[in-house]
Amino acid sequence: MNDPGNKPDTYFAPPARSSKEELESEIKMISDNPVINGLMNLVSGFFAVLNVHRQVIIVNDNYLKFLGISNIAQIIGLRPGETVSCVHADEMEGGCGTSESCPTCGAAVAIMTCLRQGTSQEMLCAITTEKNKEKDDLYLRVRAHPLELNDTKMVMLFLQDITHQQKLEYLEKVFFHDVSNIVTGLMA
């Protein structure tokens, strides 16, 4: 009989991570690839390459600027939700992708589907972040594309910050709803 007090290791994605040595090997493989180096400079949004355990191997400068850091070593080996301080990223020992909320996360679903099916996936993602004890909402368009180098599975992750656009759409809906209620009230 299962003890109801025992939590599973994960509610969605596998919790396993690569060793430091495996990460270093993957970083070297990516760093030596001219196509990835070209994408690092070409992509206007945020770009990252993740290993099979969904850990960051490399990111472009736009991603670093967005995070407000200059040293990539601060995020190597982290998962996407951990890099942006998702409120759910530390709920489980396995980190990003393993909490009860993760099965509804567009980024987690896109990455896991990409890894499992070997196909490109695009989804929208709404994340609540917490930095310096302040919560904020982050909206991303996420595209996960499979990559295989030297028989090693990876994911190219393209992220576009659509937070401003989503907040404007929300305000428009609220405004038109309020106007509709006022007009309806006047006509009654």
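My aim in this report is to walk through the structure given alongside it, one point at a time. Since the structure is predicted, the reported quantities are computational estimates derived from the model, not experimental observations. (Residues numbered from 1 in each chain as written. Predicted model: local features only at pLDDT ≥ 70, side-chain atom pairs only at ≥ 80, totals over all residues. Heavy atoms only, no water.)

Examining a negative patch on the surface
Phase 1: A cluster of acidic side chains, namely Asp-90, Glu-91, Glu-100 and Glu-130, defines a negative patch on the protein surface.
Phase 2: Inspection of the secondary structure assignment puts Glu-130 in strand β3 (residues 121–131).
Phase 3: The exposure class assigned to Glu-130 is partly exposed, which follows from its relative accessible area of 35%. (Patch = residues over 30% accessible without salt bridge, like charges linked within 9 Å, V, L, I, M, F, W, Y side chains within 5 Å. Areas by Shrake-Rupley, 256 points an atom, 1.4 Å probe, with all protein chains shown as cover. Salt bridge = Lys/Arg side-chain N within 4 Å of Asp/Glu carboxyl O. Lys, Arg positive; Asp, Glu negative; His and termini not counted. Charge placed at Lys NZ, Arg CZ, Asp CG, Glu CD. Helix = DSSP H or I, 4+ residues; strand = E, 2+ residues; numbered from the N terminus. Buried < 20%, exposed > 50% of the residue type's maximum accessible area, 1.4 Å probe, protein only.)

Here we look at the sheet that holds strand β5 (residues 152–161)
Phase 1: Spatially, 5 strands are ordered β2-β1-β5-β4-β3 in an open sheet, and the strand pairing comes out antiparallel. Edge positions in the sheet fall to β2 (56–59) and β3, since each has one partner strand and no second. Pairs of neighbouring strands in the sheet enclose a mean axial angle of 30 degrees, with direction left out of account.
Phase 2: Examined bridge by bridge, strand β1 (residues 46–51) and β2 share 3 bridges and lie antiparallel to one another. Residue pairing for β2: Ala-48 is matched across the bridge by Val-59.
Phase 3: Sitting on the sheet, helix α5 (residues 106–117) is in contact with β1, β3, β4 (134–149) and β5, with an inclination near 135 degrees to β3. (Pairing = 2+ DSSP bridges. Axes fitted to C-alpha atoms, helices over the stretch in contact; angles between N-to-C directions. Contact = heavy atoms within 4.5 Å.)

Here's the deal with helix α2 (residues 34–42)
Phase 1: Every buried residue of α2 is listed here: Ile-36, Leu-39 and Met-40. Angular distribution of buried residues about the axis of α2 spans 105 degrees; they occupy a single face of the element. Among the exposed residues of α2, those oriented more than 90 degrees off its buried face are Pro-34, Val-35, Asn-41 and Leu-42.
Phase 2: For α2, the elements touching its buried residues are α1 (20–31), β1, β2, β4 and β5. (Arc of directions from axis to C-beta.)

Quick notes on the state of the cysteines
In protein chemistry, a disulfide is the covalent bond that joins the sulfur atoms of two cysteines.
Phase 1: In total, this model carries 0 disulfides according to the counting rule given.
Phase 2: The thiol sulfur of Cys-96 is not disulfide-bonded, and the nearest other cysteine sulfur, from Cys-102, lies at 5.8 Å.
Phase 3: Classification of Cys-96 as buried rests on a relative accessible area of 15%. (Disulfide = S-S within 2.5 Å.)

Quick word on the environment of Ile-162
Phase 1: With respect to the helices and strands, the residue Ile-162 is situated in the loop between β5 and α6 (163–187).
Phase 2: Linking Ile-162 and Cys-125, residues 37 residues apart in sequence, is a C-alpha distance of 9.5 Å.
Phase 3: The residues contacting Ile-162, other than those within four sequence positions of it, are Leu-124, Tyr-139, Leu-140 and Arg-141.

Observations regarding the pairing of β1
Phase 1: Most of β1 is tucked away: 6 of the 6 residues are buried.
Phase 2: Burial along β1 is two-sided: Phe-46, Ala-48 and Leu-50 facing one way and Phe-47, Val-49 and Asn-51 facing the other are all buried.
Phase 3: The pairing of β1 with β5 spans 6 bridges and is classified as antiparallel. Note that in β5 the partner of Ala-48 across the bridge is Leu-157.
Phase 4: Turn length for the β1-β2 hairpin, with the two strands adjacent in sequence and antiparallel, is 4 residues, and the turn residue Arg-54 shows positive phi of about 70 degrees.

A look at unusual backbone geometry
Phase 1: A positive phi angle, close to 65 degrees, is found at Ser-85, a residue other than glycine.
Phase 2: The class of Ser-85 is partly exposed, set by a relative accessible area of 25%.
Phase 3: Positive phi outside glycine occurs at Lys-133, with the angle close to 65 degrees.
Phase 4: The topology assignment puts Lys-133 in the loop between β3 and β4.

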